[in-house]
Amino acid sequence: MKIFRVVDHKRTLLGFKRSFSAEPELMDFLNYLDNLKNYEKSGVPKDAGTDSSHGFDMGRMNRLIDRLGNPQTGFKAVHVAGTKGKGSTSVFLANILRREGYAVGCYTSASFSLSSPHVQTIRERVSLGKLGEPVSAKALNCLFHRIKPILDEAVALEKGHLSHFEILTAMAFKLFAQENVDFGVIEAGLGGARDATNIISSSGLAASVITTIGAEHLAALGGSLESIAMAKSGIIKHGCPLVLGGPFLPHIEQIFLDKASSMFSPVVSASGPGNRSVVKGVSKSNGKPYQSCDIVIQVERDFKLFIELFDVKLQMLGIHQLQNAATATCVALCLREQGWRISDESIRAGLEHTYLLGRSQFLTSTEAETLGLPGATIMLDGAHTKDSAKALVDTIKMSSPEAPLVLIVAMASDKDHMAFAREFLSGGQLEAVFLTEVNIAGAKSRTASASMLRECWIQASEELDIETLHDGTEEYQKLFGNQLFCSEGNSNHKTILAAESSLPVSLQLGNQILRARTGDQTGIIVITGSLHIVSTVLSSLHG
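Trainee: Hey, could you go over the overall build of the chain for me, with residue numbers and the actual values?
Mentor: Within the chain one finds 18 helices and 20 strands. Its C-alpha atoms give the chain a radius of gyration of 23 Å, within 12% of the compact-globule value 24 Å for 543 residues. Principal axes of the C-alpha set define a box for the chain whose edges measure 70 × 55 × 40 Å. Across the 543 residues that make up the chain, the buried fraction comes to 59%. Intrachain contacts of the chain at a sequence separation of at least 6 include 77% that bridge at least 24 residues. When the accessible surface of the chain is split by element, carbon and sulfur atoms take 50% of a total near 21,100 Å². Across the chain, the 52 positively charged side chains and the 56 negatively charged ones have centroids separated by 4 Å.

Below you can see the structure in the form of structure tokens.
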């Protein structure tokens with residue numbers, strides 16, 4: 001029997017410090033944003049994303065963008081909304097267009113989605129040009145100081161109601177116009193109809209895209225899947241193609257079809273009967289996993305679209321990412337049907353070269369060692385909803401079907417913690433789950449406490465009739481009281497649930513439990529629950 005003794009609970013592991021990339025050049029700009037309303041920190045008001053009297057005031061955004069010269073008229077836009085998948089679909093499409101040689105601006109409006117913060121620097125949210133690099137600190141700083149008098153006037157005239165997200169969105173559009181991009185790929189933040197990105201007219205819109213509909217931000221979007229679909233359908237514009245990702249519940253899809261019909265907009269469904277997308281297997285290249293996929297699109301209604309892509313090597317793992325890739329492919333084919341030059345080869349290359357931090361991302365051995373966990377296999381994923389938890393569980397089963405897991409989970413307080421827990425408890429080989437805490441958007445106000453998360457996981461395990469070890473059991477007290485973890489014994493068959501507010505300590509204990517319980521078998525430490533915890537880990541590596 002192997003026995004590992006827990007070392008002293010040091011609050012900082014090797015290299016583990018919370019330090020975002022130092023960008024002193026942007027301090028004035030970042031301080032300016034910090035003084036504006038930030039709903040990522042405070043939470044979104046009830047019904048704020050609905051097209052109603054309680055919704056965000058689009059007049060405010062229209063007045064701001066008008067003062068800046070309406071830069072959104074200077075490029076063709078693709079507007080992407082959806083509960084999940086909109087960021088990945090946007091980046092897939094932007095990379096396809098860049099491979100064809102177009103200058104592309106891509107705005108991932110994660111600051112307001114409450115689910116996808118930038119991982120290392122705010123500049124990640126705006127990528128420019130034919131290479132898709134984040135906007136430089138110099139360009140962002142120069143633009144800010146050049147238009148600051150206009151922003152100051154707008155903030156004053158709007159009586160301080162302009163938000164962090166509205167200012168950032170307007171600046172992204174200004175940057176796109178300034179750089180003379182051919183396309184702007186714009187990810188909506190919350191909903192669609194009353195989102196700050198929804199200022200693009202039909203004449204400037206090449207296509208609207210709606211990826212998925214799920215039960216997230218229910219209160220802000222009207223309280224039902226139907227109201228969420230109605231809010232997102234607000235990005236559909238007169239005569240402009242609509243691409244649906246899906247699959248959707250029939251009555252939800254009908255909401256989009258009815259809206260498109262009323263707007264005389266042709267519709268393409270990536271989940272249509274003539275389309276086929278399959279994962280054939282998972283392999284590694286240069287130590288990095290990829291999934292080999294076939295994507296076949298054959299659309300007859302509204303548009304006639306066709307492409308066959310076999311053995312596409314996607315670095316973005318999971319069935320959900322394959323669906324995002326198929327959706328982006330449909331958008332590219334729609335653009336090609338409108339006369340834009342886009343080859344099959346560019347579509348393949350764009351899909352294969354797309355990679356995002358914090359989405360089923362495996363750390364390198366050097367990065368694991370930097371965290372003080374030499375030899376550990378560590379995966380980062382920003383899953384934070386029931387659907388994204390299921391997608392992550394399915395991805396792990398596909399890529400590492402026999403691997404035992406230790407989860408390190410930190411979440412925002414306004415998520416469905418029970419639903420998230422149920423997906424992992426019912427789907428994975430869990431040795432232990434450490435519930436921990438990180439700041440959400442730089443503040444504690446929306447952070448779910450470790451103890452509250454633990455109670456949710458205990459309740460979920462009881463509902464599923466899954467035996468666990470937690471601080472209410474005598475077995476757990478003995479295990480942690482002695483600070484000994486044995487590789488054999490009855491406790492092996494029970495998942496350990498522990499609340500530990502320190503992320504470094506959670507990682508350390510999780511690694512020791514995994515080593516003790518699995519011996520020579522390779523297990524995985526999965527860090528998840530929010531892109532905020534992913535950001536914290538990556539910042540410690542690269543900050």
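Trainee: Requested: an account of empty space enclosed by the protein, with residues and values cited.
Mentor: By rolling a water-sized probe across the atoms, one finds the places where empty space is left. Taken as a whole and judged by the stated rule, the model has four cavities of 30 Å³ or more. If you go around the largest cavity, you meet 13 residues; those closest to its centre are F56, S163, E166, R194 and A196. Those elements that place two or more of their residues in the lining of the largest cavity are helix 3 (58-67) and helix 7 (164-178). The greatest single-element share of the lining of the largest cavity, amounting to three residues, is contributed by helix 3.

Trainee: Would you mind going over the environment of N38 in detail, with residue names and values included?
Mentor: Tracing the backbone shows N38 in the loop between helix 1 (27-34) and helix 2 (39-42). Since its relative accessible area comes to 15%, N38 is described here as buried. Along the chain, N38 and G214 lie 176 residues apart, while their C-alpha atoms are 24 Å from each other.

Trainee: Describe the pairing of strand 6 (residues 183-187), and please don't skip the residues or the numbers.
Mentor: Both faces of the sheet carry side chains from a regular strand, because those side chains alternate between them. The buried count for strand 6 comes to five of five residues, which makes it a mostly enclosed element. Here five bridges tie strand 2 (residues 76-81) to strand 6, and the two strands are oriented parallel to one another. Its bridge partner lying in strand 6, K76 is registered against F183. With four bridges connecting them, strand 3 (residues 104-107) and strand 6 associate as parallel partners. Looking at strand 6, one finds that C106 is bridged to V185.

Cut-offs used in this document
Residues numbered from 1 in each chain as written. Predicted model: local features only at pLDDT ≥ 70, side-chain atom pairs only at ≥ 80, totals over all residues. Heavy atoms only, no water. Helix = DSSP H or I, 4+ residues; strand = E, 2+ residues; numbered from the N terminus. Rg over C-alpha atoms; globule rule 2.2 N^0.38 Å. Buried < 20%, exposed > 50% of the residue type's maximum accessible area, 1.4 Å probe, protein only. Contact = heavy atoms within 4.5 Å. Areas by Shrake-Rupley, 256 points an atom, 1.4 Å probe, with all protein chains shown as cover. Lys, Arg positive; Asp, Glu negative; His and termini not counted. Charge placed at Lys NZ, Arg CZ, Asp CG, Glu CD. 1 Å grid on protein atoms, 1.4 Å probe; cavity = no way out; pocket = protein on both sides within 12 Å on 5 of 7 lines; lining within 4 Å. Points joined across faces, edges and corners; volume = space filled by probe spheres on them. Pairing = 2+ DSSP bridges.

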